[in-house]
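Notes for the structure review
Residues per chain are reported as follows:
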Amino acid sequence: MSALFPIPQAPSDHEAARPSDREAEPGASGERRGRRGVTPEQLLEGLNEPQRQAVVHAGTPLLVVAGAGSGKTRVLTRRIAWLIAERDAHPGSILAITFTNKAAAEMRERVEELVGRRARIMWVSTFHSACVRILRKEIDRFGYKSSFSIYDAADSKRLMTLVARDLDLDPKRYQPRAMLNWVSNQKNELVDHEDAVKNAKNHLEETYAEAYTHYQRRLREANALDFDDLIMTTVHLFQAFPDVRENYRRRFRHVLVDEYQDTNHAQYALIRELCGPVTGAGPDSPAGAGAAEKGVEPSELMVVGDADQSIYAFRGANIRNILQFEEDFPSARTVLLEQNYRSTQTILTAANAVISRNKGRKAKNLWSDAGDGERMVGYVADDEHDEARFVSEEIDKLSDAGSAKPRDVAIFYRTNAQSRVFEEVFIRVGMPYKVVGGVRFYERREVRDALAYLRMLANPADEISLRRILNTPKRGIGERAEACVEALAQRERLSFWEALRRAEEAPGIATRSLTCIRGFVEMVEELQSMVAADERADVILEQVLTRSGYLAELEASEDPQDETRVENLAELVAVAREFADEPQLGPSADPADPDPATPGLGDFLERVALVADSDQIPDQPEDGVDDGGVVTLMTLHTAKGLEFPVVFLTGLEDGIFPHQRALGDQHELEEERRLAYVGLTRAQRRLYLSRAVVRSAWGAPAHNPASRFLDELPVDLVDWRRTEAAQTSWNRPVQSSLPSRTAGPPTRRFGSAAVRADADAKARTREVPSLAPGDRVLHDTFGMGSVVTVEGVADKAVASIDFGSQGVKRLLLRYAPVEKL
DNA sequence: TTCTTGAAGCTTTTT
DNA sequence: GCTTCAAGAA
């Protein structure tokens, strides 16, 4: 895997660093340099003073407060290389935690370029992958099998739905999603189901805790863990079995954690288990860094993060972890990285101005010596389509002017749903683009079906997966038959799979169903024998798709959607093949592992279970045929950690960004502001800010006032190409004296009066919809209606519209807030 | 049993 | 507007 993005525009020293950072081949030359070639000077080359301190620091815990673009990845990789090359750390004694698998792969690659192939045996992974790896080895102590399944959000939801049904809960009052959220929070706080029951303070919590208990029991019966379990169970494992913990403490002498501001309590506890002071042994001085006599000496810990970029509180991340690091680890040192190598000063000044509105943050001031650069560009669009058109045209202009290629451009938005308009426009104008996240590959139905087959083969106890594919494709095993088998399973205390095999004992089952079940069981058993024989994942997958008839059904289908489904499955097979061909490298390579076998089905499933959105950012070729690459679209959350020469920050409207749900809550609003800070600081040279006066949210158009974050920007740094005043003026000759073009910022903060003005503006600027009798329309207040008659033309057109229970209305189309459906 | 139709809910953000 | 889930018909 190669690095995807333009390297930070580092100062001149970066050029010097380039050869060693980027050009090394992973072959012999890399190794030679790694073994003896790298000098301490080379490892410290091009680092500023605080960066250098962070790299060479030894002994006590270290907190690196790394502002956006301050070169923290560089510090991390150089430090790891330093540990190996200069401090004789064994690569296997290094545990580096990153936020995504992609970041992990990149970091491993860069360290390898510095010190050679032996770097491969480091553990560089996400929290989740690291925990899976530990659990695969140790979880039998908790009575799980090491082939446990990992349930993602969709699986968990399905399971929770079953639980709710078992408990006879009203699905309106107790939504699986809400319960799952609650359970997730408990797990992030390391509260197991027994404690949750004890802690319950009211009826609601009692019910939730009961659901939690049942949910855990079913997970266990399915030999499955959900995402949160991976962390919590590992912590519990260390707590319950001190010998296991000692084992890993002895092994990982160096622990490095990236994005520390986004760790939750469970992750924090995990780090403490590995690096915390020895329990019961009083405050000990971690003097001798190298010495690990009894294996109880804490490992060396370095965490890197930026409290201003903490954007995952909603999933349990605790900003406290980074703010109170020095209290948690009293001997800790702190290094502050404030010089930014990424952006122009204009962009940084803007970002600093916004983030400074947050209360109770530690002061930090990013600066750059890259010069002021261009002013930011602002645009107020009529609606979201206009906004997308503006973005598209602007990218064209940049291309024509030779200022940027599509690959240099990223478009950010708050929610995934906002990507659609951009896609529509880009498809129309032929702009190459790629949406990161959203409907993810691994969440597509056909992919999930295929994976359910594989998971069920690897882990027959996995009831959720088994039931998913039991009748997919249709094979005559209906609801009724399923219920009979279920009853048998309950009565005989069998797993669902066992019950299927003994379906003839099921009371009341139809012979016809029985035949179908027999056929299914037979097929599964044959496929299982392939798994038992350690067949390659891609071969098994192909067999699954053909033997089950899944592929045949899709291919026979008339539905054009099914064509893409076939393609997606082919893609999945390709992924599996690539994976099976991979030599032993990456997270599953473990020198201490007694059985370093070729990656099997289980490894493959693990890989696909833990991929993230940001792992799918397109690799854009830097050499070879240069077609300009593609524009990247993603949410602000996904954008964290990335950088682009040109950034469009879109949908800057109160209610969109900041999100509606955050408007009333100080803390959530501050998190939104941090998100804005993340977005702003992704830009290297050019930053565009846009909003739409009218935006359609699930059907109906809505008028949103300007985002408060726009008001927090220094006025003179933004060049408003189009303002709200300009926008409202063109259909209003009376006030045509309004300034157009570069006026000041669009509006100040405003109340309902201004919102109404927006509404009026909309009525005026909108073109009159051409309607015919029978058309279905949507009215802002009357809702859906159908057109009865139309009289007059253009501005004078009047339609009678039947709004059902609201009656028939006569509306002057020029003014009526009606939209044709 | 399966397919069709209709209603409801939905949108934060993700490992 | 879209997808998902439930109820009813062939």
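The model shown is predicted, which means the values in this text are computed figures rather than measured ones. (Residues numbered from 1 in each chain as written. Chains lettered and ligands numbered in written order. Predicted model: local features only at pLDDT ≥ 70, side-chain atom pairs only at ≥ 80, totals over all residues. Heavy atoms only, no water.)

Considering the packing of helix α12 (residues 227-240) against helix α14 (residues 265-275)
Heads up, the condition is: The angle between two axes is taken between their N-to-C directions and runs from 0 to 180 degrees, where each axis is a line fitted to C-alpha atoms and a helix contributes only its stretch in contact. Counting from the N terminus, the helices are DSSP H or I runs at least four residues long and the strands are E runs at least two residues long. Roughly parallel covers angles under 35 degrees, roughly antiparallel covers those over 145, roughly perpendicular covers 65 to 115, and oblique covers all other angles. When the near helix sits turned anticlockwise from the far one by under a right angle, the crossing is termed left-handed; a clockwise turn instead gives a right-handed crossing. Note on definitions: a residue-residue contact is assigned when non-hydrogen atoms from the two residues lie within 4.5 Å. Just so you know the grouping, Ala, Val, Leu, Ile, Met, Phe, Trp, Tyr, Cys and Pro go in nonpolar, Asp, Glu, Lys and Arg go in charged, and all remaining residues, Gly too, go in polar.
Closest axis-to-axis distance for the α12/α14 pair is 9 Å, and the angle between their directions is 30 degrees. The angle between the axes of α12 and α14 places the two elements in the roughly parallel class. In this structure, α12 crosses over α14, and the sense of that crossing is left-handed. For the pair formed by α12 and α14, the contact residues are I231, T234, V235, F238 and Q239 on the first element and A266, Q267, A269, L270, E273 and L274 on the second. Its residues placed into classes, the contact of α12 with α14 shows 7 nonpolar, 3 polar and 1 charged.

Brief notes about the UniProt feature "coiled-coil region" (unreviewed entry) in chain A
Formally: UniProt positions are given in the numbering used here, feature names are shortened, and annotations may be inferred rather than shown by experiment.
Here the UniProt-annotated "coiled-coil region" (unreviewed entry) positions come out as residues 183-210. Helix and strand shares over residues 183-210 are 75% and 0% respectively, and the end C-alpha atoms of the span are 10 Å apart.

Some details on the domain arrangement of chain A
Definition in use: Domain start and end points were adopted from an automatic or database domain assignment. Once two parts are joined, some of their accessible surface, as seen by a 1.4 Å probe, is lost; buried area is that loss totalled over both. We define a salt bridge as a side-chain nitrogen of Lys or Arg found within 4 Å of a carboxyl oxygen belonging to Asp or Glu. By the criterion applied in these results, polar contacts are pairs of N or O atoms within 3.5 Å in which, for protein atoms, one can donate a hydrogen and the other can accept it, and in which residues neighboring in sequence qualify only through two side-chain atoms.
Looking at chain A, the domain boundaries give domain 1 (51-139 + 231-279 + 300-337), domain 2 (150-222), domain 3 (376-438 + 619-751), domain 4 (443-607) and domain 5 (766-820). Carbon and sulfur atoms supply 44% of the area buried between domain 2 and domain 4, which totals about 880 Å² over both sides. Area buried by domain 2 at its contact with domain 4 is led by Y151, R158 and A222, which between them contribute 43% of it. Taken together, domain 2 and domain 4 are joined by 4 salt bridges. The salt bridge involving R218 is made with E463; its shortest N-O contact spans 3.3 Å. Summed over the shared surface of domain 2 and domain 4, the result is 7 residue pairs in polar contact (both at pLDDT 80 or more). Mapped by element, the contributors of at least two residues to the side of domain 2 that touches domain 4 are β4 (149-151), α8 (153-166) and α11 (203-221). Per element, the largest residue contribution to the side of domain 2 that touches domain 4 is 5 residues, and it comes from α8.

Here we look at the pattern of salt bridges
Selection criterion: Each residue is placed in one exposure class: buried if its accessible area under a 1.4 Å probe, protein chains only, is under 20% of its type's maximum, exposed if it is over 50%, and partly exposed if it falls in between.
Scanning all chains against the criterion turns up 57 salt bridges. Between R342 and E643 there is a salt bridge; the shortest N-O distance is 2.5 Å. Of this pair, R342 sits in the loop between β8 (333-337) and α17 (345-355) while E643 sits in the loop between α29 (636-639) and β13 (644-649), placing them 301 residues apart in sequence. E643 gets classed as buried once you look at its relative accessible area, which sits at 8%. With a shortest N-O distance of 3.4 Å, E542 and R577 are connected by a salt bridge. In this pair, E542 is assigned in helix α25 (residues 537-547) and R577 in helix α27 (residues 560-581), connecting sequence segments 35 residues apart. A residue is classified by how much of its surface remains accessible, and R577, at 35% relative accessible area, is partly exposed. Overlapping salt bridges, with partners in common, bring together K72, D258, E259, D262 and K640 in one network.

Here we look at the packing of helix α9 (residues 176-188) against α12
Where α9 contacts α12, the axes come no closer than 9 Å and their chain directions differ by 25 degrees. Of the possible angle classes, the one that applies to α9 and α12 is roughly parallel. Where α9 crosses over α12, the handedness of that crossing is left-handed. Along the contact surface, α9 presents S184, K187 and N188, while α12 presents D228, D229 and M232. Residues belonging to the contact of α9 with α12 are distributed by class as follows: 1 nonpolar, 2 polar and 3 charged.

Description of the pairing of strand β14 (residues 683-697)
Just so we agree on the cut-off: Criterion used throughout: strands pair if DSSP finds at least two bridges between them.
When you tally the buried positions in β14, you get 12 out of 15 residues, the bulk of the element. Direction of pairing for strand β9 (residues 376-383) relative to β14: parallel, over a ladder of 6 bridges. Across the sheet, residue G378 finds its bridge partner in β14, namely L689. Pairing between β13 and β14: 5 bridges, direction parallel. In the sheet register, L649 faces β14, and the bridge partner there is L689. Taken together, the 4 bridges between β14 and strand β15 (residues 700-703) define a ladder with antiparallel strand orientation. Considered in β15, the bridge of A697 is made with A700.

A look at the nonpolar core
Stated precisely, the cut-off is as follows: Residues grouped as a nonpolar core are buried Ala, Val, Leu, Ile, Met, Phe, Trp, Tyr and Cys residues, joined through side-chain atoms within 4.5 Å.
If you look at the biggest cluster of nonpolar residues, it comprises 69 residues, and the most contacted ones within it are L230, V257 and L301. Of the domains in this structure, domain 1 (51-139 + 231-279 + 300-337) and domain 2 (150-222) are the two that each give at least three residues to this core. Within the second largest apolar cluster, 52 residues are counted, among which are V447, C484, L514 and L541.

Topic: the pairing of strand β2 (residues 94-98)
Summarising burial for β2: 5 of the 5 residues are buried, a large majority. Here β2 shows a buried face lined by I94, A96 and T98 and a second buried face lined by L95 and I97. Taken together, the 4 bridges between β2 and strand β3 (residues 123-126) define a ladder with parallel strand orientation. Its bridge partner lying in β3, T98 is registered against T126.

Here's the deal with helix α24 (residues 511-532)
Applicable threshold: A helix is expected to span 1.5 Å for every residue after the first.
Over its 22 residues, α24 extends 31 Å from the first C-alpha to the last, a length consistent with the 32 Å expected when each residue adds 1.5 Å. Among the residues making up α24, those that are buried are S513, L514, I517, F520, V521, M523, V524, L527, Q528, M530 and V531. The inward-facing, buried residues of α24 contact α20 (445-458), α21 (463-469), α22 (479-492), α23 (496-501), α25 and α28 (601-609). Of the residues one or two after α24, D534 is the one with positive phi, at around 60 degrees.

Some thoughts on the sheet that holds β2
The parallel open sheet is built from 6 strands, whose spatial order is β3-β2-β6-β7-β1-β8. Of all the strands in the sheet, just β3 and β8 have a single pairing partner and so form its edges. The sheet shows a mean angle of 15 degrees between the axes of neighbouring strands, taken without regard to direction. Where β2 and strand β6 (residues 254-257) come together, 4 bridges link them in parallel fashion.

Quick word on the packing of aromatic side chains
Ring pairs (aromatic) are described by centroid distance and by the angle formed between their planes. Test applied: Pairing of aromatic side chains here covers Phe, Tyr and the six-membered ring of Trp, requires ring centres within 6.5 Å, and sorts the geometry by plane angle: under 30 degrees stacked, over 60 edge-to-face, intermediate tilted. Here, over-ring charges are defined by two tests on the NZ atom of lysine or the CZ atom of arginine: distance to the ring centre within 6 Å, and angle to the ring normal within 35 degrees.
Tallying each qualifying case throughout the model produces 17 aromatic pairs. Summarising the aromatic geometry, the rings of F325 and F329 are spaced 4.9 Å apart at their centres and angled 35 degrees between planes, so their arrangement reads as tilted. You'll find F325 and F329 in the same group, each marked buried. A centroid spacing of 5.3 Å and a plane angle of 70 degrees characterise the contact between F657 and F709, whose relative ring orientation is edge-to-face. Within this pair, whereas F657 is found in the loop between β13 and α30 (666-680), its partner F709 is found in helix α31 (residues 708-711), the two being separated by 52 residues in sequence. For the pair formed by F657 and F709, the shared burial category is buried. Residue placement shows R141 over the ring face of F241; its charged tip is 5.2 Å from the ring centre. If you follow R467 out to its NZ or CZ, it ends over the ring of F496, 4.8 Å from the centre.

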